[in-house]
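Examination of the molecular architecture
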Amino acid sequence: MDYHVSKTEFGEKPNFEYPKPIFIEELGEEGLKKLFNEFYDLIVDSDIGNFFPQEEEELEKVKAHNVKFFIEAAGGPKHYSETVGHFDMVKAHEPFSITEKARREWLGTMEEVLRKTDISDEAKQSFWDFLERFSKHTVNTPVSEDFKI
Ligand code: HEM
């Protein structure tokens, strides 16, 4: 497995490929739900936890939307478009000031969960490659030279 993260060029439109069918075939919808439960348990306590709803009910809604979206993106049933509607990745993340560092925190949390997920490396790699590229859409805030760490 290669959990490489490439740098986002601010304002770029990333090229990406959706995960291969084996990803959802191996993991299953229940497995994906479990993966996001674990992911959200970790993300709320991470450095970007403040972006997410503090209220349990609201957080569950976001989690459920994520699960529906990812099942659809992975080639499974179209749960998101049928029950929520059209998804615009840029617009959905616009209310949050997301920097490259925040994206890396999100991806790092996902890596932690994926490492414990029992599917083939081929399936995992294709999911990771999708996330790594597609997540570039969320970066909407440049880090000024003054604040670089
Ligand atoms: C491939 C990567 C990602 C995908 C596919 C994705 C997708 C989504 C989806 C489907 C939702 C739910 C939208 C809805 O309610 O309909 C969502 C919400 C959210 N995402 Fe992402 N996301 C990704 C990466 C990120 C990253 C890198 C961050 C921040 C660093 C982030 C922060 C958030 C936040 C804060 C919400 C909650 C929005 C709210 O409170 O309504 N996401 N995302």
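Rules of the game
- Residues numbered from 1 in each chain as written.
- Predicted model: local features only at pLDDT ≥ 70, side-chain atom pairs only at ≥ 80, totals over all residues.
- Heavy atoms only, no water.
- Near = heavy atom within 4 Å.
- Polar contact = N/O pair within 3.5 Å; in protein donor to acceptor, adjacent residues only side chain to side chain.
- 1 Å grid on protein atoms, 1.4 Å probe; cavity = no way out; pocket = protein on both sides within 12 Å on 5 of 7 lines; lining within 4 Å.
- Sits in = over half its atoms within 2 Å of the grid points.
- Helix = DSSP H or I, 4+ residues; strand = E, 2+ residues; numbered from the N terminus.
- Nonpolar A, V, L, I, M, F, W, Y, C, P; charged D, E, K, R; others polar.
- Expected span 1.5 Å × (residues − 1).
- Bend = angle between axes of the 7 residues up to and from the residue.
- Buried < 20%, exposed > 50% of the residue type's maximum accessible area, 1.4 Å probe, protein only.
- Contact = heavy atoms within 4.5 Å.
- Donors = N, O, S within 2.8 Å, 3.2 Å for Na, K, Ca; no water.
- Core = buried A, V, L, I, M, F, W, Y, C linked by side-chain atoms within 4.5 Å.
- Phe/Tyr/Trp six-rings, centres within 6.5 Å; stacked < 30°, edge-to-face > 60°.

Some thoughts on the site of the ligand
- Around the ligand, the surrounding shell holds 22 residues, and the nearest of these are His65, Phe70, Tyr80, Met89 and His93.
- A distance of 2.9 Å separates a nitrogen atom of the ligand from a polar atom in the side chain of His93.
- When atom positions are compared with the pocket grids, the ligand is found to occupy the largest pocket.
- For the shell around the ligand, the secondary structure elements donating two or more residues are α2 (56–73), α4 (89–93), α5 (100–115) and α6 (121–134).
- Among the residues forming the shell around the ligand, the class breakdown is 16 nonpolar, five polar and one charged.

Looking at helix α1 (residues 21–43)
- The end-to-end C-alpha separation of α1 is 27 Å, well short of the 33 Å expected for 23 residues at 1.5 Å each.
- At Gly28, α1 shows its strongest bend, of approximately 85°.
- Listed as buried for α1 are Phe23, Ile24, Leu27, Leu32, Leu35, Phe36, Phe39, Tyr40 and Ile43.
- Close packing links the buried residues of α1 with α2, α5 and α6.

Things to note about the coordination of the iron atom of the ligand
- Of the protein atoms, His93 (NE2) alone serves as a donor to the iron atom of the ligand, at 2.0 Å.
- By the element assignment, His93 lies in helix α4.

A few points about the nonpolar core
- Membership of the largest hydrophobic core comes to 35 residues, with the highest contact counts inside it found for Leu32, Phe36, Phe70, Trp106, Met110 and Leu131.
- Among the elements of the structure, α1, α2, α5 and α6 are those that each provide at least two residues to this core.
- Of the residues forming this core, the biggest block, nine residues, is contributed by α1.
- Setting aside anything within four residues of it in sequence, one finds Phe70 in contact with Leu32, Phe36, Trp106, Phe127, Phe130 and Leu131.

Observations concerning the environment of Lys33
- You can see Lys33 is positioned in helix α1.
- According to the relative accessible area criterion, Lys33 is partly exposed, its value standing at 42%.
- The spatial distance from the C-alpha of Lys33 to the C-alpha of Val67 is 6.0 Å, given a sequence separation of 34 residues.

Let's talk about the packing of aromatic side chains
- Throughout the structure, instances matching the rule amount to 20 aromatic pairs.
- Measuring from ring centre to ring centre gives 4.7 Å for Phe16 and Phe134, while their planes differ by 65°; the resulting arrangement is edge-to-face. In this pair, Phe16 sits in the segment before α1 while Phe134 sits in helix α6, placing the two residues 118 residues apart along the sequence.
- On the accessibility criterion, Phe16 (29% relative accessible area) is partly exposed.
- Seen in terms of ring centroids, Phe70 and Phe127 are 5.8 Å apart; in terms of plane orientation they differ by 75°. Their pairing is edge-to-face. Of the two residues, Phe70 sits in helix α2 while Phe127 sits in helix α6, which places them 57 residues apart along the sequence.
- A relative accessible area of 7% places Phe70 in the buried class.

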